[in-house]
Amino acid sequence: MGSLLSQLGLECGGKAVKEEERHLRANDRELNLSYKYADNAIKTSKYNIFTFLPLNLFEQFQRLANAYFLFLLCLQSIPEVSSLPWYTTVVPLVLVLSMTMAKDGSDDMNRHRCDKQVNNRQVEVLVEGDEKWMDVQVGDIVKLENNQFVTADLLLLSSSEPLNLVYIETAELDGETNLKVKQALTVTGMLEDSVEKLSNFNGEVRCEPPNNRLDKFTGTLTLKGETYSLDNERILLRGCTLRNTQWCFGLVVFGGPDTKLMQNCGRTTFKRTSIDRLMNVLVLSIFGFLMIMCLILAIGNGIWEYQEGSKFAAFLPKGVNAPFSAFLTFWSYVIILNTVVPISLYVSVEIIRLGNSFYINWDRKMYYPKNDTPAEARTTTLNEELGQIKYIFSDKTGTLTQNIMTFNKCSINGKSYGEKTEKVDFSWNNLADPKFCFHDNSLVEVVREGNPEVQAFFRLLALCHTVMPEEKKEGELYYQAQSPDEGALVTAARNFGFVFRSRTPESITVVEMGELVTYELLAVLDFNNVRKRMSVIVRSPEGKLTLYCKGADTIIFERLNPSCSNLTEVTTLHLNEFAGEGLRTLALAYKDIDPEYMEDWKLRHHVANTAMDEREEKLDALYEEIEKGLLLLGSTAVEDKLQDGVPQTIEQLSKADIKIWVLTGDKQETAENIGYSCNMLREEMNEVFIVSANTAEEVRKELHRIVSIFHEQSFITFLLPIPPHLTLPPTSLSPQAFALEKDMEIELLRTACMCQTVICCRVTPLQKAQVVELVKKYKQAVTLAIGDGANDVSMIKAAHIGVGISGQEGMQAVLSSDYSFAQFRYLQRLLLVHGRWSYLRMCKFLRYFFYKNFTFTFVHFWYGFFCGFSAQTVFDEWFITLFNLVYTALPVLSLSLFDQDVNDWWSFQYPQLYTPGQLNQYFSKRAFVYTVLHSGYSSLVLFFIPWAAMYDTVRDDGKEIVDYQSFALLAQTCLLIAVIPLSTPHPSTSSPFIIHVFLSERLVVLWCVCSVGDIICHYVGKCLYLNACCHAVLYVTGTARNSLNQPNVWLTMLLTSVLCVLPVVAYRFLRILLWPTINDKKIHKLLLDKVLPPTPRRVQARRTSTRRSGYAFSHAQGYGDLVTSGKFLRRTPKSRPALFSQTDSPLAQTQPQFYRTISEREEPPLSP
């Protein structure tokens, strides 16, 4: 079954009238339909069979160039104005419209197919039976089975699991691969799977209107006069997948575009490249320039008619009217000089972009064979923008890392374990996880010897957690952990002899060194982002009360007994060492509790837990009271494995002067660890600044302080913790909630841009987008966002370019992205190779295109001064029609698709070659002005030299060869021969070959077609089709033979070509000699290098760090209440399939990770 989101699209329509509150009744369609809520259908297509043609044409004529050529076509229908036949405009216009229409139609057909696939999926509705997704209505009760996608946003009613639990996978929604647990209300859980009870269920739900808050839901359920509170733990969101649950029933609350998934996806915006935006400005400038030229020629016509026109009055039926003649001439020259407006430019650009997109799709070096995942260019409009990236915004979990946690090291009672020695053999433990790997036999020895501190360490790991166990058969345990960290820690305890076996709301059963022990669970002091710790209070079979606590080391150390000072110092050294290796750390402590104190504390805890006001504050105070005077046991170190090649990729991109910001929802300590692991943070950096103020004014002061101590030689990093909820009261906001406000965002951006690395932690999906928008708004730079989960969609859409990682965290990011691949390391090839080539090719194409069009048009302009400003064309009609579409299209398209200044290997060796794209050195307004000036010079050469060569010229037999057709043939041939060698503003190895091929083809075709065309035309007559094939030579029989037989004609061609090319060659020579660019220097160096030195291998240096991670959990609040809910198991747990059935996958291994240098080619070439 494919991904639910793979076909949903991104258009999230809004309601015409804002909904204040949603009210619905179960199993009452008539009532619910009266509210006119959106159904569950998804529509992402733009057209249907009736609207496609008119709507598509309307959209296309919104392009200024298309509308302009339609206006020209209307002008050409006026005989008094037009001096060109209608087909000179119709042919290119129809070709452009047809190609664009075919592309749009194909894309929309795919959208229709995707919509149909999703909307026609079947789901079992309680009352109506099996129905299509699109027919499901708000208020319906639907049944989901294991591995099915959630149809809509549902209120969970009942399930097949104990305690009405369901297990869902939210990888499509929030990027997390671990299973989440949801629980139905007890009152609805009693409905079970009874069709009769469910059919009679008539509960009424009042809840919040549709919104994009994935982590919040507020509502009430009214049933039989009783009102029950509803929160996010009762809701199954569309986009989730039901896992390890036989069945469940849910009440549809939101459908289709109202679901939180679709509300959160944001509005799709059409992305345009910086070159597109520049082209729009240039096209408007060209329009203005065209009007000026036409005005000059019209004024010239008026003057000429006034001074010279009277001499020809006798031949005209109505005499001469100079002003009216000038008016008509103005519009005639608008038609003749229309080639300066590049209508074929858009078609050529689309062809080039399509070709470069295919190169990305076909690149085997960006193919990931493990998952059979190739790179994919999901858009064809942004390729050249890949060569101009200045800022990269990256997610962490699943993008930089694999989101796979392994227990690597630990510190127990002042001794560090986990040095890289031989692999530990756990065969003595029948319940050990065979995939678990550890490298220190001494730890096993002390555990088996009965060391009390070591055993207490692993006992804590086996008891202090919220993991749910699953045992398919005796000895085969599977842990369902809400965070990979917890799963890794509980698995470590399992392998070292403390096996977490089962749990009930009142007890935890552990196998301790082969002995089954059941602990009474008295309380779970749950985790939250403020506490940064979790504790459990248990009673052992001997009646001993103990509090076990794990959490951030800074938090735990503050609550230790003073007697632990010496052990704290040693453990701190170990923590520094672990953090220096980029590991995620935790501190562990315990405390024995007096039974009398515990009885009093439990009473106060019950009062606080049932309070209606300030419940959380009262509970936190009680937790703070009991979690004091702890005794330190040690610390753990868990590795969140990086993807292959991440450090090398970040290093390469940094050399290309690309700034990388990490935007993650993880805690500050975790983000800092990954920063060190992937070389974003390095020890040579002077300081890591962390903003930790609690008020807007304090945040402003801290930003000012950072700016004041910054100097040019500093290498600093800015860690930016952003709160997960911006709707909290101001006193509860973390600093960046204030920093992202309007009056402080400039200071935030200024400070961040001074830093070499920026890491934003605790960010929500929409805050990620805010950070990206902030950089886009105030920095004139191209941005790229890369992520792998649905929590990255907003960021991906906000950036100029969005890249999705098609990994373990679902396909939502991929579906919203512009480009996708399987591994982060492929990003360097996408940018440094494909992006750079695409940008370079596009710039070459644009400069050449404007050069040839302006040259072509200026020749007409100069000719106006020699034809009495009569709007006569210097070239024949078919040459004008096919100049852009045929004659000059193929050479530049070939260069734009195949040209490489250096190959991919050199692009990796010299990342600095990427920087010209960031600075817009190859195409800008200045480059455009230079191109126009160059065209003016070339047009003077191409017009006046052939004019002088043909003026008063006779053949060897004394007959004249000067006539209009002969001059037109010579001028257009000189034009083609001159402009093709200049089709590459920056020479490359492939340019000479392509130029020679097309020049030779032009001359051969010209001679053959001219000679054969004369004979055909003489005996067959003038045929429109043959005119199109043979262009000017068929206009007057014998013109080509009469002209091309003369030596001076060939000499003129050579002379014009030399004079046009010589200034360009001289300029390039002087520029490279006197003002070489970074590309010139690197290309010169690689041309001189005959044998390249071997690529140095990176050596992973062992280092220590004074910075360490405090708390490693990607944890969520609320699971403590779930496991201590006090509800007894009503059913026997049914066996469920294993969470991870593929045991031979490298991603399922827990072996230590070694990095290798990622090389793109085994041996470098000897020449570029």
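Within each chain, residues carry numbers counting from 1 in the order of the written sequence. Totals for whole chains, interfaces and linings use all residues, but because this is a predicted model, local features are given only for residues with pLDDT of at least 70 and pairs of side-chain atoms are given and counted only at 80 or more. Excluding hydrogens and water, the side-chain figures rest on all heavy atoms present in the structure.

1. A word on unusual backbone geometry
- Phi is positive for lysine 224, close to 55 degrees, though the residue is something other than glycine.
- One non-glycine residue with positive phi stands out, namely asparagine 920, at about 55 degrees.
- Only DSSP runs of H or I reaching four residues or more are called helices, and only runs of E reaching two or more are called strands; each is numbered from the N terminus. Tracing the sequence through the fold places asparagine 920 in the loop between α31 (915–918) and α32 (925–950).
- Under the relative-accessibility criterion, asparagine 920 is labelled partly exposed at 32%. With a 1.4 Å probe rolled over the protein chains alone, any residue whose accessible area is under 20% of its type maximum counts as buried; one over 50% counts as exposed, and the rest are partly exposed.

2. Here we look at the nonpolar core
- Of all hydrophobic cores here, the largest spans 88 residues; its most connected members are Phe845, Leu846, Phe850 and Phe875.
- Per element, the largest residue contribution to this core is 16 residues, and it comes from helix α27 (residues 826–864).
- Each nonpolar core is a collection of buried residues, namely Ala, Val, Leu, Ile, Met, Phe, Trp, Tyr and Cys, held together in the definition by side-chain atoms within 4.5 Å. The next biggest cluster of nonpolar side chains, apart from the first, holds 53 residues, and it includes Phe458, Val499, Phe500 and Val638.

3. What about the sheet that holds strand β24 (residues 545–551)?
- Taken together, 9 strands build an open sheet; the order of strands is β17-β16-β26-β25-β24-β23-β22-β21-β20 and the sheet is antiparallel. Looking along the sheet, the strands with just one partner apiece sit at the ends: β17 (415–417) and β20 (498–504). Each strand axis lies, on average, 30 degrees off the axis of its neighbour in the sheet, ignoring direction.
- What makes two residues a contact is simply this: any of their non-hydrogen atoms within 4.5 Å. With axes taken as lines fitted to C-alpha atoms, and helix axes fitted only over the stretch in contact, angles between N-to-C directions fall between 0 and 180 degrees. Helix-sheet contacts for helix α13 (residues 452–463) involve β16 (401–412), β20, β21 (507–512), β22 (515–525), β23 (533–539), β24, β25 (584–592) and β26 (631–642), and the interaxial angle to β26 is about 60 degrees.
- Helix α14 (residues 484–495) contacts β16, β20, β23, β24, β25 and β26 of the sheet and is inclined by roughly 45 degrees relative to β16. Any two strands with at least two DSSP-identified bridges between them are counted as paired.

4. Focus on the environment of lysine 197
- Looking at the element boundaries, lysine 197 is found in helix α7 (residues 195–200).
- Here lysine 197 is in contact with Met190 and Leu191, once residues within four sequence places are set aside.

5. Digging into the UniProt feature "binding site: Mg(2+)" (unreviewed entry) in the protein
- Taking the UniProt record as the reference, the feature "binding site: Mg(2+)" (unreviewed entry) is found at Asp395, Thr397, Asp788 and Asp792.
- Following the sequence through the fold, aspartate 395 ends up in the loop between β15 (389–394) and β16.
- Sequence-distant contacts of aspartate 395, that is, excluding residues within four places in its chain, are made with Leu400, Leu663, Thr664, Lys768, Ile786, Gly787, Asp788, Asp792 and Met795.
- Here a polar contact is taken to be a pair of N or O atoms separated by no more than 3.5 Å, where protein atoms must pair a possible hydrogen donor with a possible acceptor and residues adjacent in sequence count only if both atoms sit in side chains. Polar contacts involving the side chain of aspartate 395 include one to the side chain of lysine 768, which spans 3.3 Å.
- One can find aspartate 788 in the loop between β31 (782–787) and α25 (793–798).
- Residue class for aspartate 788 comes out buried when judged on its relative accessible area of 0%. UniProt positions are given in the numbering used here, feature names are shortened, and annotations may be inferred rather than shown by experiment.

6. Looking at the pairing of strand β9 (residues 219–223)
- Of the two faces of β9, the one lined by Gly219, Leu221 and Leu223 is fully buried and the one lined by Thr220 and Thr222 carries no buried residue.
- Pairing analysis gives 5 bridges linking β9 to strand β10 (residues 226–230), with the strands arranged antiparallel. Following the sheet pairing, threonine 222 is matched in β10 by threonine 227.

7. A word on a negative patch on the surface
- In this analysis, a patch consists of residues with relative accessible area above 30% that form no salt bridge, clustered at 9 Å for like charges and at 5 Å for the nonpolar side chains Val, Leu, Ile, Met, Phe, Trp and Tyr. Surface exposure here means Shrake-Rupley accessible area, sampled with a 1.4 Å probe, where a residue is shielded only by the protein chains that are shown. One side-chain nitrogen of Lys or Arg within 4 Å of one carboxyl oxygen of Asp or Glu is enough to make a salt bridge. Neither His nor the chain ends is counted toward charge; the positive residues are Lys and Arg and the negative residues Asp and Glu. Working definition for charges: the position is that of NZ of Lys, CZ of Arg, CG of Asp or CD of Glu. On the surface, Glu614, Glu616, Glu617 and Asp620 cluster together into a patch of negative charge.
- With respect to the helices and strands, the residue glutamate 617 is situated in helix α18 (residues 615–626).

8. A look at the packing of aromatic side chains
- Any two of the Phe, Tyr and Trp rings considered here, Trp counted by its six-membered ring, make a pair once their centres fall within 6.5 Å; the pair's planes then place it as stacked at under 30 degrees, edge-to-face at over 60, or tilted in between. Tallied over the full model, the rule gives 46 aromatic pairs.
- Three or more aromatic residues joined by ring pairs make a cluster, and in this case those are Phe289, Phe845, Phe849, Phe850, Phe854, Phe858, Phe861, Trp862, Phe865, Phe869, Phe923 and Phe928.
- Over a ring means this: the NZ of a Lys or the CZ of an Arg is within 6 Å of the ring centre and within 35 degrees of the ring normal. Above the ring of tyrosine 37, the side-chain terminus of arginine 22 is found at 3.9 Å from the ring centroid.
- Lying across the ring of phenylalanine 849, lysine 852 places its NZ or CZ 4.1 Å from the centre.

9. Some details on the confidence of the model for the protein
- Confidence of the predictor at the level of single residues is given by pLDDT, which spans 0 to 100. Of all residues in the protein, 76% have pLDDT values of 70 or greater, and the mean over the chain is 77.
- Confidence drops under a pLDDT of 50 for residues 1096–1114, and excluding neighbours within four residues, the segment shows 84 contacts in the predicted structure.

10. So, the packing of helix α23 (residues 745–754) against helix α24 (residues 765–778)
- At their nearest, the axes of α23 and α24 sit 11 Å apart, and the two run at 85 degrees to each other. If you check the angle between α23 and α24, you find them roughly perpendicular. Each of Glu745, Ile746, Leu748 and Leu749 in α23 lies in contact with α24, whose residues at this interface are Leu774, Val775, Lys777 and Tyr778.
- Residue classes follow a fixed rule: Ala, Val, Leu, Ile, Met, Phe, Trp, Tyr, Cys and Pro count as nonpolar, while Asp, Glu, Lys and Arg count as charged, and any other residue, Gly among them, counts as polar. Here the residues of the contact of α23 with α24 sort into 6 nonpolar, no polar and 2 charged. Working definition: roughly parallel below 35 degrees, roughly antiparallel above 145 degrees, roughly perpendicular at 65 to 115 degrees, and oblique for all remaining angles.

11. Looking at the environment of leucine 784
- Mapping leucine 784 onto the fold places it in strand β31.
- Judged by relative accessible area, which is 0%, leucine 784 ranks as buried.
- Separated by 398 residues in sequence, leucine 784 and leucine 386 place their C-alpha atoms 8.4 Å apart.
- Other than its neighbours up to four places away in sequence, leucine 784 contacts Leu386, Ile389, Tyr391, Ile392, Phe393, Ala799, Ile801, Val803, Leu827 and Leu831.

12. Side note on the pairing of strand β27 (residues 659–663)
- Within β27, 4 of the 5 residues are buried, which leaves it mostly tucked inside the rest of the structure.
- The sheet contact formed by β15 and β27 spans 4 bridges and is parallel. Following the sheet pairing, isoleucine 392 is matched in β27 by isoleucine 660.
- Direction of pairing for β27 relative to strand β30 (residues 757–761): parallel, over a ladder of 3 bridges. Within the sheet, the bridge partner assigned to leucine 663 lies in β30 and is cysteine 760.

13. Some words on the sheet that holds strand β6 (residues 165–169)
- Within the open sheet, the 3 strands sit side by side as β7-β6-β12. Their pairing is antiparallel. Either end of the sheet is taken by a strand with one partner, and the two such strands are β7 (179–183) and β12 (241–243). The average angle at which neighbouring strand axes cross in this sheet is 45 degrees, direction not considered.
- Examined bridge by bridge, β6 and β7 share 5 bridges and lie antiparallel to one another. Residue leucine 165 lies in a different strand from β7, and its bridge partner there is glutamine 183.

14. Focus on helix α28 (residues 877–887)
- Burial runs high along α28: 8 of the 11 residues are buried.
- For α28, the full list of buried residues reads Trp878, Phe879, Ile880, Thr881, Leu882, Phe883, Asn884 and Tyr887.

15. Description of the packing of α27 against α28
- Closest axis-to-axis distance for the α27/α28 pair is 11 Å, and the angle between their directions is 165 degrees. By the angle class used here, α27 and α28 are roughly antiparallel. Handedness of the crossing formed by α27 with α28: left-handed. Residue-level contacts link Phe849, Lys852, Asn853, Phe856 and His860 of α27 to Phe879, Ile880, Phe883 and Asn884 of α28.
- The class makeup of the residues in the contact of α27 with α28 is 5 nonpolar, 3 polar and 1 charged. It is the rotation of the near helix from the far one that decides the hand of a crossing: anticlockwise by less than a right angle makes it left-handed, clockwise makes it right-handed.

16. Concerning the side chain of threonine 339
- Tracing the backbone shows threonine 339 in the loop between α10 (322–336) and α11 (343–362).
- Its relative accessible area of 7% is what places threonine 339 among the buried residues.
- A polar side-chain atom of threonine 339 sits 3.0 Å from a polar atom in the side chain of threonine 857.
- Those residues in contact with threonine 339 that sit more than four places away from it in its chain are Asn853, Phe856, Thr857, Ile880 and Asn884.

17. With respect to α27
- In this model α27 runs 56 Å from its N-terminal to its C-terminal C-alpha over 39 residues, within 8% of the 57 Å that 1.5 Å per residue would give.
- A residue's bend is given by the angle between axes fitted to the 7 residues ending at it and the 7 residues starting at it. At glycine 835, α27 shows its largest kink, close to 30 degrees.
- Most of α27 sits out of view: 37 of its 39 residues are buried. Take the residue count of a helix, subtract one, and multiply by 1.5 Å to get its expected span.

18. Topic: a nonpolar patch on the surface
- Where nonpolar side chains cluster on the molecular surface, the patch consists of Ile292, Ile296, Phe865, Phe866, Leu940, Phe944, Trp947 and Tyr951 and spans about 740 Å² of accessible area.
- Going through the elements one at a time, α9 (274–307) and α32 are the ones with two or more residues in the nonpolar patch.
- With 3 residues, the single largest contributor to the nonpolar patch is α32.
- Looking at leucine 940, the relative accessible area reads 37%, which means it is partly exposed.

19. Quick word on the environment of methionine 366
- Among the secondary structure elements, methionine 366 is positioned in the loop between α11 and β14 (376–377).
- Residue class for methionine 366 comes out buried when judged on its relative accessible area of 0%.
- In this structure, the C-alpha to C-alpha distance between methionine 366 and arginine 825, residues 459 residues apart in sequence, is 8.9 Å.
- Setting aside its immediate chain neighbours within four residues, methionine 366 contacts Thr373, Pro374, Ala375, Phe821, Tyr826, Arg829, Leu830 and His834.

20. Things to note about the pattern of salt bridges
- Here the structure, examined in full by the defined rule, presents 33 salt bridges.
- Between aspartate 258 and arginine 22 there is a salt bridge, with the nearest N and O atoms lying 3.1 Å from each other. With aspartate 258 in the loop between β13 (247–254) and α8 (260–264) and arginine 22 in strand β1 (residues 22–25), the pair connects residues that are 236 residues apart, well separated along the chain.
- Since its relative accessible area comes to 3%, aspartate 258 is described here as buried.
- Where arginine 29 meets aspartate 140, a salt bridge forms, and the shortest distance between an N and an O atom there is 2.6 Å. Taken as a pair, arginine 29 in helix α1 (residues 29–34) and aspartate 140 in the loop between β3 (129–132) and β4 (141–145) lie far apart in primary sequence, 111 residues in all.
- Classification of aspartate 140 by relative accessible area gives buried; the value is 5%.
- What you see here is one network of salt bridges that share partners, running through Arg533, Glu558, Arg559, Glu624 and Glu627.

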